[in-house]
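Summary of structural features
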Amino acid sequence: MAKEFVVGMTGASGAVYGVRLVQELIRGGHLVHLLLTNACWQVFQEELGWNIETGDRASIPGRFAVLPERLQVHDLHDYRAPVASGSHPIDGMIIIPCSMGTLAAIAHGASDNLLERAADTVLKEGRPLVIVPRETPLNVIHLRNMLALAEAGARILPAMPGFYHLPRTIDDLVDFVVGKALDALRVEHHLFRRWGE
């Protein structure tokens, strides 16, 4: 059964996680509302080598290699977008990767853009919110903000790949983290060999 998800991507390192997750959700027939922070566009250039202008939302489906009818890329300041309101039913939201700045804003209810507003809305409606922080080492402020979000109902899923499935490539490591993220969203996948298989 098709579901509807919000995916946020920030300027933290690890854009490949977000891209891969969106690909898997759309491959599974789901609808994705994609929210990209300004810093995320820079990470696309630095980590993925994409020659892309900040805010060029029309080019994203092609860059992600997904069906455009299943991907809605919203402007970060378009509060008329459906995901800004709790009256719009979605099945969950994930921020992957999540910077410490975005994490802090959400933990303290300081929504200054559509991504932070959507996360705030998901929390207030009691819907699943998954945060995939990508930072190391973590200081006490980071940890307290993660605890505040966990206490508010979010799941904290650090981008920490496992090795028991004997990864051979970078893609294997990426797929492990993305698979764990899909597990947290209750989306079926076959991205890695599970323990005992």
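Described below are features of the structure shown in this document. (Residues numbered from 1 in each chain as written. Predicted model: local features only at pLDDT ≥ 70, side-chain atom pairs only at ≥ 80, totals over all residues. Heavy atoms only, no water.)

**Some details on unusual backbone geometry**
Cis geometry is adopted by the peptide bond preceding Pro 97, which originates at Ile 96 and carries an omega value of -5°. When you line up the elements, Pro 97 lands in strand β4 (residues 92-98). Each neighbour pair has its own omega, and for Thr 136 with Pro 137 the value is -5°, a cis peptide bond. Here Pro 137 lies in the loop between β5 (129-133) and α6 (140-151). Positioned with a positive phi, Leu 166 is a non-glycine residue whose angle comes to about 55°. Using a relative accessible area of 62% as the deciding quantity, one classes Leu 166 as exposed. Positive phi, close to 60°, is recorded for Arg 186, a residue that is not glycine. Its place among the elements puts Arg 186 in the segment after α7 (170-184). (Helix = DSSP H or I, 4+ residues; strand = E, 2+ residues; numbered from the N terminus. Buried < 20%, exposed > 50% of the residue type's maximum accessible area, 1.4 Å probe, protein only.)

**Quick notes on the packing of aromatic side chains**
If you walk through the whole model with that rule in mind, you get seven aromatic pairs. Ring centres of Tyr 164 and Phe 176 lie 5.7 Å apart, and the angle between their planes is 80°; this geometry places the pair in the edge-to-face category. Remark: Phe 176 occurs in helix α7 and Tyr 164 occurs in the loop between β6 (155-156) and α7; sequence separation between them is twelve residues. For Tyr 164, a relative accessible area of 34% gives the class partly exposed. (Phe/Tyr/Trp six-rings, centres within 6.5 Å; stacked < 30°, edge-to-face > 60°.)

**As for the side chain of Asp 175**
On the secondary structure map, Asp 175 appears in helix α7. For Asp 175, the side chain forms a polar contact with the side chain of Arg 20, separated by 2.7 Å. The contacts of Asp 175, once residues within four sequence positions are left out, are Arg 20, Leu 191 and Phe 192. (Polar contact = N/O pair within 3.5 Å; in protein donor to acceptor, adjacent residues only side chain to side chain. Contact = heavy atoms within 4.5 Å.)

**Topic: the nonpolar core**
Ranked by internal contacts, the top residues of the largest apolar core, which has 41 residues, are Val 7, Met 9, Leu 34, Phe 44, Ile 60 and Phe 64. Setting aside residues up to four positions removed in sequence, Leu 34 forms contacts with Val 7, Met 9, Val 22, Ile 60, Phe 64, Leu 71, Gln 72, Val 73 and His 74. One finds Val 6, Leu 35, Val 83 and Val 122 within the second-largest nonpolar core, a separate group that totals 24 residues. (Core = buried A, V, L, I, M, F, W, Y, C linked by side-chain atoms within 4.5 Å.)

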